[in-house]
Every structure is written in C-alpha cells, then in structure tokens.
Amino acid sequence: MKLAQSFVLEHEDILDHSTNKPFKTVMWPPTKLRKTVPLLKELLNNSSKNMQFWMYDPVIGQAVIVCATEEYRVADVKDVMRFGENDIKLLGRKQIMSDLQYEVCAKNFTAEVAQITLLKLYSGQRLRVETQLFGPYVGRQLSTPQRKQKKKRM
C-alpha cells in the first residue's frame, strides 16, 4: 500500500520557546476515499401494531420494541424516525421500561417520539434527504414576530 507523502509547514511568526526556532507542523494531503453513510430503510406503517412493550437495554445501549412476532432494535435515537405515524403514536402511548439508573438514556427515546409527534415528522410525512442529511428543521419556517410599522404623519 502506497503511503501519502507528508510535508512540513514552517511558521515564521511563531517561535518554539525551547529551541527559539520557527514552529514546524507536519501535514498530510487529504485522502481520496469517500465515506459512505448507510441510510436506514423506512418501516411500513403499523409494523408494530402487535407491540407488547418497549424497553431500554443498558447492556447494548439500544431501545428494544417487542411485538408478538418480531423484535425491533433501535440503536440511535434518530432511528425512531423510521416508524410510521401509527407506530409513533403507539410508542407515545406506552411507557418505555428501564432500570432506574438508566432512566435518562431511556427518556431520550421518548423525547424523540414526542418531538416527532409535535413536528409531524413521521416516516411517510417527510423527505428522506431532508431529515437524513440536513436535520428535521430544513424546509420549515420558524415563526418570527412581525414588527408593526409606524404610520407617517404629514
């Protein structure tokens, strides 16, 4: 494997106090590899209609949604956005179970469910590029108070 050639950048205006010589920085050129980010598949609406409970598993650090026939593991809080409208409402109605010491971690998942419900960011209601690459607020205008214009007297 061919290694990238480094080069030394010498800073004339910055002196090294121990040697009283200009400070030197070793730099490498950027790599030409691209990073691929896997996009998660959206789940069908009502995919967790037979949900029995959901819990936070502290051993693996994931939320586990247990249904009658399937089990879903949610690794990241933002992965909750894969679920459809009915599934999100079902998750909002049922309380997440966790140990007392991991309650803060579990509440992050319920806070995400509340935010999705509030902003209507269900799986079928948003654009994939909008949420995966730029965050949930792209394309939404925040309401700003309007200033009253003063009438001119003549």
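Before reading further, recall that the structure is shown in the block above.
Residues numbered from 1 in each chain as written. Predicted model: local features only at pLDDT ≥ 70, side-chain atom pairs only at ≥ 80, totals over all residues. Heavy atoms only, no water.

> It is not clear to me how the overall build of the chain should be interpreted in this structure. Could you clarify?
The helix and strand inventory of the chain stands at three helices and five strands. Reading the secondary structure of the chain in the N-to-C direction produces β-β-β-β-β-α-α-α. By the burial criterion, 25% of the 154 residues in the chain qualify as buried. Taking contacts inside the chain between residues at least 6 apart in sequence as the whole, the part at least 24 apart equals 50%. For the chain, the accessible area works out to roughly 12,800 Å², and carbon and sulfur atoms hold 55% of it. (Helix = DSSP H or I, 4+ residues; strand = E, 2+ residues; numbered from the N terminus. Buried < 20%, exposed > 50% of the residue type's maximum accessible area, 1.4 Å probe, protein only. Contact = heavy atoms within 4.5 Å. Areas by Shrake-Rupley, 256 points an atom, 1.4 Å probe, with all protein chains shown as cover.)

> Please clarify how the pattern of salt bridges should be interpreted in this entry.
Side chains that differ in sign of charge can pair as their charged atoms come close. Applying the stated criterion across every chain, the model contains three salt bridges. Arg73 is the partner of Glu71 in a salt bridge, and the nearest nitrogen-oxygen pair spans 3.0 Å. For Arg73, a relative accessible area of 42% corresponds to the partly exposed category. Lys78 is the salt-bridge partner of Glu112, the closest N and O atoms lying 3.5 Å from each other. Taken as a pair, Glu112 in helix α2 (residues 103–119) and Lys78 in the loop between β5 (71–74) and α1 (85–93) lie far apart in primary sequence, 34 residues in all. Since its relative accessible area comes to 42%, Lys78 is described here as partly exposed. (Salt bridge = Lys/Arg side-chain N within 4 Å of Asp/Glu carboxyl O.)

> I tried to follow the sheet that holds strand β4 (residues 62–67) on my own but got confused; where do I start?
Across a sheet, strands are paired by hydrogen bonds formed along the backbone, either parallel or antiparallel in direction. Across the sheet, which stays open at both edges, the three strands sit in the order β3-β4-β5 with antiparallel pairing between neighbours. At either end of the open sheet lies a strand with only one pairing partner, and these are β3 (51–57) and β5. Adjacent strand axes in the sheet meet at a mean angle of 15° when their direction is disregarded. Against the sheet, α2 touches β3, β4 and β5, its axis set at about 130° to β3. (Pairing = 2+ DSSP bridges. Axes fitted to C-alpha atoms, helices over the stretch in contact; angles between N-to-C directions.)

> Could you clarify how one ought to interpret the pairing of strand β1 (residues 7–15) in this entry?
For a regular strand, the rule is simple: side chains alternate between the two faces of the sheet. Both β1 and strand β2 (residues 22–27) contribute to a ladder of six bridges, which runs antiparallel. If you follow Glu10 over to β2, its bridge partner there is Lys24. Between β1 and the antiparallel strand that follows it, β2, lie six residues; Asn20 among them carries a positive phi value of about 60°.

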